[in-house]
Amino acid sequence: MTTSKPQEVDPAVSAELARLRDSIDNIDAAVVHMLAERFKCTQQVGHLKAAHQLPPADPSREAQQIERLRRLAESAKLDPAFAEKLLNFIIAEVIRHHERIADDAGGAAADAGE
């Protein structure tokens, strides 16, 4: 590994980097808060599905959401494949939560029948 002397950075460049990084930090915070809100809603969906013995996954709905998100990504000039990967990751996590909720509801129903 070679070591080099730190390069002097123009103060205007440093200021612009700081401004952009502040914006990135704000966007990251907004993304986290939006995901938290989304998961609050999907938890409610999971409880509703469990209460009515509906399956945790809904492949038709998931396919519609993926297609919708791909179109949104294209219009926003975001790589649709990236958007699809992100949504697939989120959907997998939601299904995992729904399965846990259904398992918990099934166990509670079995306990109530004893």
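Residues numbered from 1 in each chain as written. Predicted model: local features only at pLDDT ≥ 70, side-chain atom pairs only at ≥ 80, totals over all residues. Heavy atoms only, no water.

**Some remarks on helix α2 (residues 59-75)**
Residue pairs three or four apart in sequence face the same way in an α-helix, which turns once every 3.6 residues. The end-to-end C-alpha separation of α2 is 24 Å, in line with the 24 Å expected for 17 residues at 1.5 Å each. Where α2 is concerned, the buried positions are Glu62, Gln65, Ile66 and Ala73. End-on, the buried residues of α2 take up no more than an arc of 100°, which puts them together on one face. Directly beyond the C-terminal end of α2, a positive phi value near 65° is found at Lys77. (Helix = DSSP H or I, 4+ residues; strand = E, 2+ residues; numbered from the N terminus. Expected span 1.5 Å × (residues − 1). Buried < 20%, exposed > 50% of the residue type's maximum accessible area, 1.4 Å probe, protein only. Arc of directions from axis to C-beta.)

**As for a nonpolar patch on the surface**
A cluster of nonpolar residues, Val9, Val13 and Leu17, forms a patch on the protein surface that exposes about 220 Å² of accessible area. With respect to the secondary-structure elements, Val9 resides in the segment before α1 (11-51). Residue classification places Val9 among the partly exposed residues on the basis of a relative accessible area of 45%. (Patch = residues over 30% accessible without salt bridge, like charges linked within 9 Å, V, L, I, M, F, W, Y side chains within 5 Å. Areas by Shrake-Rupley, 256 points an atom, 1.4 Å probe, with all protein chains shown as cover. Salt bridge = Lys/Arg side-chain N within 4 Å of Asp/Glu carboxyl O.)

**Looking at the pattern of salt bridges**
Tallied over the full model, the rule gives five salt bridges. Across the pair Glu93 and Arg96 runs a salt bridge whose closest N-O atoms are separated by 2.5 Å. Of this pair, Glu93 and Arg96 both sit in helix α3 (residues 80-113), three residues apart, roughly one helical turn. Owing to a relative accessible area of 24%, Glu93 belongs among the partly exposed residues under this scheme.

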